[in-house]
Amino acid sequence: YAHYADWLVSTTLIVVLLGQVAGAGMDVIFGAVGANVIYLFSSYMGSVSVVTTVKWFWFLIALAALFGVIVHFAQVFKTAADSKGPEIAALYGKAAWLSILVWICYPVVWLFSEGFASFSVSFEVCAYAILDIISKVVLCFMVMSGDAVLANGPSSQSREYV
């Protein structure tokens, strides 16, 4: 269950990163972070629940919260990125859709490993490791490859480096 603690830190940072790349306001970013925390807490509670109906109750809450995060990525943050210009919108679009597609896979793995218990623990760990590499490492390389776009964005005129 240590991966839930890892995800609490890393996915929160990913949400903040995507919000910052998009140029969204901090209130909107914190809304997405809140939905993300609810998603992770519900997933954890579902995985430790022994009563079947309680497990599925937590899973449904987790899906609703994940939907909130995905809405932030696909609509709210996207609107902010579109207002920053086509280069930032393109960079954000690639990073956001990678995150959305990979993050949709996490509940699928949970469904078959924790929910139906049809995946072995080894498969579950490997699947989560692959998803983590894609959602964290690949995403960060994508954002860092757009460093010139982010540095030359509209807010770069007000930056002062000492």
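Quick caveat, the model's predicted, so the values are computed rather than measured.

S.K.: So what's going on with the packing of helix H1 (residues 2–22) against helix H4 (residues 86–115)? Which residues, and what values?
M.R.: Between H1 and H4, whose axes approach to 10 Å, the crossing angle comes to 155°. If you check the angle between H1 and H4, you find them roughly antiparallel. By crossing handedness, the relation of H1 to H4 is classed as left-handed. When H1 is examined against H4, the residues Tyr 4, Trp 7, Thr 11, Ile 14, Val 15, Leu 18, Val 21 and Ala 22 are found in contact with a partner set consisting of Ile 88, Leu 91, Tyr 92, Ala 95, Ala 96, Ser 99, Trp 103, Tyr 106 and Trp 110. Broken down by class, the residue content of the contact of H1 with H4 amounts to 15 nonpolar, 2 polar and no charged.

S.K.: Lay out unusual backbone geometry with the relevant residues and their values.
M.R.: Despite not being glycine, Ala 117 shows a phi value in the positive range, around 55°. Note on placement: Ala 117 falls in the loop between H4 and helix H5 (121–145). Of the residues examined, Ala 117 reaches a relative accessible area of 58% and is grouped as exposed.

S.K.: Report on the packing of aromatic side chains, specifying residues and quantitative values.
M.R.: For the structure on display, the rule yields 16 aromatic pairs. Residues Phe 112 and Phe 116 carry aromatic rings whose centres are separated by 5.7 Å and whose planes lie at 55° to one another, so their mutual orientation is tilted. The class for Phe 112 is partly exposed, based on a relative accessible area of 31%. Ring geometry for Phe 119 against Phe 123: centres 4.5 Å apart, planes inclined by 65°, an arrangement best described as edge-to-face. In this structure Phe 123 comes out as partly exposed when scored by relative accessible area, which is 43%.

About the cut-offs
- Residues numbered from 1 in each chain as written.
- Predicted model: local features only at pLDDT ≥ 70, side-chain atom pairs only at ≥ 80, totals over all residues.
- Heavy atoms only, no water.
- Axes fitted to C-alpha atoms, helices over the stretch in contact; angles between N-to-C directions.
- Helix = DSSP H or I, 4+ residues; strand = E, 2+ residues; numbered from the N terminus.
- Parallel < 35°, antiparallel > 145°, perpendicular 65-115°, else oblique.
- Left-handed = near helix turned anticlockwise from the far one by under 90°.
- Contact = heavy atoms within 4.5 Å.
- Nonpolar A, V, L, I, M, F, W, Y, C, P; charged D, E, K, R; others polar.
- Buried < 20%, exposed > 50% of the residue type's maximum accessible area, 1.4 Å probe, protein only.
- Phe/Tyr/Trp six-rings, centres within 6.5 Å; stacked < 30°, edge-to-face > 60°.

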